[in-house]
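Residue-level listing of the chains:
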Amino acid sequence: MCRSIYFYVYLRTKGCCPVTQTAAPAVTLTPDQAFDALYAFAAPALVRQAYLLTGRRELARESVERAFQQAWQRWPEVAVDRDPAGWVRAAAYEYAMSPWHRLRPSHRHPEVPPATPDDRLLLSVLLDLPPAYRRTLVLHDGLGLGLPETAAETEASTPATANRLLHAREAVTERIPELADPTELARRLAELGSAERLRAAAEPDTVRTGSERRARRWTRAAIALTVLVIGSTAITLRTAPDHYEAPLVPGSGVRGVPPRPAPGPLSKEDVKLRTKLRSLPGAGPERIRPQVR
């Protein structure tokens, strides 16, 4: 059962559970229903936030979809988390800001910029910020999280997070002076995310199905790798030597003894001797018996 107060508010607006002011609501939902409700509650806003972090629409949708796939794979853990939406948000941010995306062929071309000049300028300023500063600014000013919550989500200390936030605001104010007021900056960030009218590309049941399919592929890959390792180990044990063989010591010359010549054509004397030996009668031991004269 989800314990996030934001999730309960969403369930209340959908009529899933009664809410009183004196007691927490008792929600009885199947895992599929709870996941679908969390997806409908958090996915649209997460897509807009991921767009502010990346400036790419398809990557924003992909990041949210991948985060929810991870959430469904670990749903027993996510469902009892204090803030399920925050869990998914952290996963989406991590995927969206991964430096490996720059190696993708589709990212070699710039994204179509926003329609209005003000939005284009603000998005350009955001993308010029260091990733850690950009994430801190979006969480604190764009999403409205407190400084301790922002520090916890970015895995930084509170003083470090405060310094990142101040430097990010200074960089924005330097290029857009009218956004010196944090309230105005927060409003413009919300407008920039909403102006694109971004929506989650997939339906919740599609995300769940994709997550299960991905989990099956990874399971099969792990099984195949395990079989490969076991087979390689068995072949190695079968063909590897089972005892130690000392290496041959290279020969060394002896003083006064000429080196043994390599085999080659016989000399005239050797040919004559071989012909004589072959012409002698007898074979075997009798051939080498001494003769009495």
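Residues numbered from 1 in each chain as written. Predicted model: local features only at pLDDT ≥ 70, side-chain atom pairs only at ≥ 80, totals over all residues. Heavy atoms only, no water.

### Quick notes on the overall build of the chain
Line of reasoning, step 1. A count of helical and extended segments in the chain gives 12 helices and 0 strands.
Line of reasoning, step 2. Along its sequence from the N terminus, the chain presents helices and strands in the succession α-α-α-α-α-α-α-α-α-α-α-α.
Line of reasoning, step 3. In the chain, which comprises 293 residues, the proportion classed as buried is 32%.
Line of reasoning, step 4. The contacts of the chain with a sequence gap of at least 6 include a subset with a gap of at least 24, amounting to 69%. (Helix = DSSP H or I, 4+ residues; strand = E, 2+ residues; numbered from the N terminus. Buried < 20%, exposed > 50% of the residue type's maximum accessible area, 1.4 Å probe, protein only. Contact = heavy atoms within 4.5 Å.)

### Description of the packing of aromatic side chains
Line of reasoning, step 1. Enumeration according to the criterion identifies 6 aromatic pairs in this entry.
Line of reasoning, step 2. Aromatic pair Phe35 and Tyr39: ring centres 6.4 Å apart, planes at 25°, arrangement stacked. Of this pair, Phe35 and Tyr39 are both found in helix α2 (residues 31-54), 4 residues apart, which corresponds to roughly one turn of the helix. The same class applies to Phe35 and to Tyr39, which are both buried.
Line of reasoning, step 3. Pairing Tyr39 with Phe68 gives two aromatic rings, centres 4.7 Å apart and planes at 70°, and the pair type is edge-to-face. (Phe/Tyr/Trp six-rings, centres within 6.5 Å; stacked < 30°, edge-to-face > 60°.)

### Considerations on the pattern of salt bridges
Line of reasoning, step 1. Per the counting criterion, the structure on display carries 15 salt bridges.
Line of reasoning, step 2. Between Asp119 and Arg188 there is a salt bridge, with the nearest N and O atoms lying 3.3 Å from each other. One end of the pair, Asp119, is in helix α6 (residues 117-128); the other, Arg188, is in helix α10 (residues 182-195), and 69 residues separate them in sequence. Note on accessibility: Asp119 and Arg188 belong to one class, buried.
Line of reasoning, step 3. Among the salt bridges present, the one from Asp141 reaches Arg169, with a minimum N-O distance of 2.8 Å. One end of the pair, Asp141, is in helix α7 (residues 131-142); the other, Arg169, is in helix α9 (residues 158-175), with 28 residues separating them in the sequence.
Line of reasoning, step 4. What emerges from the salt-bridge pattern is a single network uniting Asp119, Glu184, Arg187, Arg188 and Glu191. (Salt bridge = Lys/Arg side-chain N within 4 Å of Asp/Glu carboxyl O.)

### Quick word on the nonpolar core
Line of reasoning, step 1. Counting 48 residues, the largest nonpolar core has Leu38, Phe68, Trp75, Val88, Leu126, Leu137 and Val172 as the members making the most contacts within it.
Line of reasoning, step 2. Broken down by secondary-structure element, the contributors of at least two residues to this core are α2, α3 (57-73), α4 (75-79), α5 (84-96), α6, α7, α9 and α10.
Line of reasoning, step 3. By residue number, the principal contributor to this core is α2, which donates 12 residues.
Line of reasoning, step 4. Excluding anything up to four places from it in sequence, Val172 contacts Val125, Leu129, Leu137, Leu179 and Leu185. (Core = buried A, V, L, I, M, F, W, Y, C linked by side-chain atoms within 4.5 Å.)

### Side note on the side chain of Asp141
Line of reasoning, step 1. On the basis of relative accessibility, which here comes to 7%, the residue Asp141 falls in the buried class.
Line of reasoning, step 2. Looking at Asp141, its side chain comes within polar contact range of the side chain of His140, at 2.9 Å.
Line of reasoning, step 3. Within the structure, Asp141 has its side chain in polar contact with the side chain of Arg169 (distance 2.8 Å).
Line of reasoning, step 4. Look past the residues within four positions of Asp141 in its chain and what remains in contact with it is Thr136, Leu165, Arg169, Leu185, Ala186 and Leu189. (Polar contact = N/O pair within 3.5 Å; in protein donor to acceptor, adjacent residues only side chain to side chain.)

### Let's talk about the confidence of the model for the chain
Line of reasoning, step 1. The share of residues in the chain with pLDDT of 70 or more is 83%, and the mean pLDDT across the chain is 82.
Line of reasoning, step 2. Segment residues 1-6: pLDDT under 50, and 18 contacts once partners within four positions in sequence are set aside and those in other chains are kept. (pLDDT = per-residue confidence, 0-100.)

### Details of unusual backbone geometry
Line of reasoning, step 1. Not every positive phi belongs to a glycine, and Glu155 is a case in point at roughly 55°.
Line of reasoning, step 2. Within the element layout of this structure, Glu155 appears in the loop between α8 (147-153) and α9.
Line of reasoning, step 3. Judged by relative accessible area, which is 74%, Glu155 ranks as exposed.

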